[in-house]
Amino acid sequence: MTTIEQFVGAWVRLYTAGLDPVDRDERRAEIASDLWEQARALEDASANRQAAAVAIGARWLLGIPDDLLWRTERRRKSRGQGNDPERRRTMVGFGNARVLALPVIVAVAAVVVALVGVVVDNIQYAEQRESIVSNSVLASLWVVLIVGGIAGLVLGFVLMRRQPGVGAVLVVGGAATASISTYWLIVPLVLAVVVSWYGVRRARRMASEAPTA
Amino acid sequence: MRRREGVLLPIEVSILDAGLRARRRGVEEFHGFQLAQEIGERDGARMLTAHGTLYKALGRLAIAGLLESRWEDPDIGAAEGRPRRRLYRVTLAGARALAESSSAADAPTGAPVGRRVALVGDGAP
């Protein structure tokens, strides 16, 4: 079993933990079968290891919002809250998790890009700097700014549904904080903000169009 | 995507369509990855449907009675050295739902799109 198969398997075990044993075991078995089938199909197609990992990893990454929604539904079902009005109201809220997925993915990609940027900068300019210690401190500060800024960005978007003002401040503040740490982040963060704004508008429009019965 | 109550989502249409296409080729039952490949080939997509999206939709369709599923005999998988598969087949109700969805989509503007079916477990009553 390859590393990516093991990784996706671990993710499945994580999000199915604590669920009804039937739901849990069936989901785990079904994904295990899918992973095996895809890995063999990629082998048959003579795909190299990197391409195979990307193909499987992409399917895992883009399915995360649905995995989490599925878990939420299973938990609610097992608690016996099947069809009550409160459940339906809450599920409308969880529908926004799909809209959240894209900015979160963009934000995660931004962190990766930024970390690569920090490493490249360190390698490129190491000789010009006075010491490796100060270089490490600077790198750590950058990482703190990046992670903190992106955390603010994501939290802001989550809050935007119920507290648009606070959410907007956090989104803008988070994006600005992360962006000033390194120019590498400006493009992905602007993209994340735009996608977030579009997502909130879309979520509100869908909520307003949703049937009330 | 927020579901319009009881209307087939695009992924659900794709699954039912892929299942019926497989049936026309003599493949009565299909497993999840096979379905993802079928959808990918039909749509000419470079990437297959994500795990979470595919299996969540399969679960909804099974609950709605548009698909039936069964686990294959573990001995078959063991004999072939692979995990056992969950096999799906499109029901008569599923074929009808797809046909109605297609005809509604082809109808003149203003007609409802998709078939209204009760999909339990997705916020539908």
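Computed from a predicted structure; not experimentally measured. (Residues numbered from 1 in each chain as written. Chains lettered and ligands numbered in written order. Predicted model: local features only at pLDDT ≥ 70, side-chain atom pairs only at ≥ 80, totals over all residues. Heavy atoms only, no water.)

Q: Now, about the overall build of chain B: what can you tell me, with residues and values included?
A: Looking only at helices and strands, chain B features five helices and two strands. In chain B, buried positions account for 49% of the 125 residues. In chain B, 58% of the contacts between residues at least 6 apart in sequence involve partners at least 24 apart. With an accessible surface of roughly 6000 Å², chain B has 51% of that area assigned to carbon and sulfur atoms. (Helix = DSSP H or I, 4+ residues; strand = E, 2+ residues; numbered from the N terminus. Buried < 20%, exposed > 50% of the residue type's maximum accessible area, 1.4 Å probe, protein only. Contact = heavy atoms within 4.5 Å. Areas by Shrake-Rupley, 256 points an atom, 1.4 Å probe, with all protein chains shown as cover.)

Q: Any details on the pattern of salt bridges? Residues and values, ideally.
A: One pass over the structure, following the stated rule, counts 20 salt bridges over all chains. Between R40(A) and E43(A) there is a salt bridge; the shortest N-O distance is 3.4 Å. In this pair, R40(A) and E43(A) both sit in helix 2 (residues 21-44), three residues apart, roughly one turn of the helix. What makes R40(A) partly exposed here is its relative accessible area of 22%. As a salt-bridge pair, K56(B) and E73(A) come within 3.5 Å of each other at their nearest N and O atoms. (Salt bridge = Lys/Arg side-chain N within 4 Å of Asp/Glu carboxyl O.)

Q: Break down the pairing of strand 2 (residues 86-90) of chain B for me, with residues and values.
A: Residue and element names in this part refer to chain B. Within strand 2, four of the five residues are buried, which leaves the element mostly enclosed by the surrounding structure. Alignment of strand 1 (residues 67-71) against strand 2, held across five bridges, turns out to be antiparallel. Among the inter-strand pairings, W71 is bridged to a residue of strand 2, identified as R86. (Pairing = 2+ DSSP bridges.)

Q: Run through the nonpolar core, naming residues and quoting values.
A: With 38 residues, the main nonpolar core has V8(A), I15(B), L16(B), L35(B), L58(B) and L67(B) as its most contacted residues. Those residues within four positions of L35(B) in sequence are excluded, and the remaining contacts are I15(B), A18(B), G19(B), F30(B), L54(B) and L58(B). Formed by eight residues, the second largest nonpolar core is a distinct cluster that contains I150(A), A175(A), A178(A) and L189(A). (Core = buried A, V, L, I, M, F, W, Y, C linked by side-chain atoms within 4.5 Å.)

Q: Can you lay out the environment of V193(A) for me, pointing to particular residues and giving the numbers?
A: Residues and elements named next belong to chain A. Summarising the element assignment, V193 is placed in helix 8 (residues 186-209). With 40 residues separating them along the chain, V193 and L153 place their C-alpha atoms 7.9 Å apart. For V193, the contacting residues outside a window of four places in its chain are L153, V171 and A175.

Q: Lay out the packing of aromatic side chains in plain terms, naming residues and giving numbers.
A: Applying the stated criterion across every chain, the model contains five aromatic pairs over all chains. Between W11(A) and Y15(A), the aromatic rings sit 5.4 Å apart at their centres with planes inclined by 50°, giving tilted as the arrangement. Taken as a pair, W11(A) and Y15(A) lie in helix 1 (residues 3-16) at a separation of four residues, close to a single helical turn. Centre to centre, the rings of F30(B) and Y88(B) are 6.5 Å apart; their planes meet at 20°, and the pair counts as stacked. (Phe/Tyr/Trp six-rings, centres within 6.5 Å; stacked < 30°, edge-to-face > 60°.)

Q: Let's hear about the packing of helix 1 of chain A against helix 3 (residues 49-78) of chain A: which residues, and what values?
A: Residue and element names in this part refer to chain A. Where helix 1 meets helix 3, the axes come as close as 10 Å, and the angle between the chain directions of the two elements is 0°. Looking at the two axes, helix 1 sits roughly parallel to helix 3. Along its contact with helix 1, which presents I4, E5, F7, V8, W11, L14, Y15 and T16, the element helix 3 presents A53, I56, G57, W60, I64, D67, L68, W70 and R71. Here the contact of helix 1 with helix 3 is composed, by residue class, of twelve nonpolar, two polar and three charged. (Axes fitted to C-alpha atoms, helices over the stretch in contact; angles between N-to-C directions. Parallel < 35°, antiparallel > 145°, perpendicular 65-115°, else oblique. Nonpolar A, V, L, I, M, F, W, Y, C, P; charged D, E, K, R; others polar.)

Distances and angles like these do not, on their own, reveal function.
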